[in-house]
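# Breakdown of the fold
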Amino acid sequence: MDDNASQLKKFQKELSAGTVSLVLLAVLGQSRQPLYGYQIAKRLEEAGEGVLAGKQSALYPVLRNLEGAGLLASEVEPSVSGPPRRYYRITKFGREVLREWIAAWNASRDSVDKVLQGEL
């Protein structure tokens, strides 16, 4: 792998690490019903490359951390076509935190955009 590709991969990994929690909360905040991990990953995949970039297994530790922080709740339900599935839903506290995170994201994005566009 050449230096440019290596640096890009490192940058994408760092950027992704800071946004996965935000997008997971957002996906669950927009859903009318609880979702299990594969459903969440598929929704993110439909949004395009970036956040998980084919690393579905990376979302499970983040989901557990969000649940541990009280932002998500989960229930395990039996599945007709395989092992039981853990369904996640956003909590009331999670919705409050999501609103704050979205505001922080928008402020950061706007600030970075100004710098990138030479508006200093």
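Since the model is a prediction, treat every value here as computed from it, not as a measurement.

Strand order in the open sheet made by the three strands is β1-β3-β2, with antiparallel pairing throughout. Only two strands of the sheet have a single neighbouring strand rather than two, namely β1 (35-36) and β2 (72-79). Bridge count for β2 against strand β3 (residues 82-90) is seven bridges, and the pairing is antiparallel. Counted as the bridge partner of E77 is R85 from β3. In the packing of helix α1 (residues 3-30) onto the sheet, the strands contacted are β1, β2 and β3, and the crossing angle to β3 comes to about 90°.

Further remarks concern the pattern of salt bridges. Enumeration according to the criterion identifies two salt bridges in this entry. For K42, the salt bridge goes to E45, with nearest N and O atoms at 3.0 Å. Taken together, the positions of K42 and E45, both in helix α2 (residues 37-47) and three residues apart, correspond to about one turn of that helix. When its relative accessible area of 29% is taken as the criterion, K42 is described as partly exposed.

All right, on to the nonpolar core then. Grouped together as the largest cluster of nonpolar side chains are 22 residues, with contacts concentrated most on L24, L25, L28, I40, L63, L66 and L72. Put simply, the parts of the chain that give this core at least two residues each are α1, α2, α3 (59-68), β3 and α4 (92-116). The element that contributes the greatest number of residues to this core is α1, accounting for eight residues. In this structure, L66 is in contact with S21, L24, L25, L71, L72 and W101, ignoring residues within four places of it in sequence.

This part is about α2. Each α-helix turn comprises 3.6 residues. Residues three or four places apart therefore point the same way. For α2, the complete set of buried residues consists of G37, I40, A41 and L44. Taken around the axis of α2, the buried residues stretch over an arc of 95°, which confines them to a single face. In the core, the buried residues of α2 are packed alongside α1, β1, α3 and β3. The positive-phi residue at the C-terminal boundary of α2 is G48, with phi of around 115°.

Reading the values: rules and limits
- Residues numbered from 1 in each chain as written.
- Predicted model: local features only at pLDDT ≥ 70, side-chain atom pairs only at ≥ 80, totals over all residues.
- Heavy atoms only, no water.
- Pairing = 2+ DSSP bridges.
- Helix = DSSP H or I, 4+ residues; strand = E, 2+ residues; numbered from the N terminus.
- Contact = heavy atoms within 4.5 Å.
- Axes fitted to C-alpha atoms, helices over the stretch in contact; angles between N-to-C directions.
- Salt bridge = Lys/Arg side-chain N within 4 Å of Asp/Glu carboxyl O.
- Buried < 20%, exposed > 50% of the residue type's maximum accessible area, 1.4 Å probe, protein only.
- Core = buried A, V, L, I, M, F, W, Y, C linked by side-chain atoms within 4.5 Å.
- Arc of directions from axis to C-beta.

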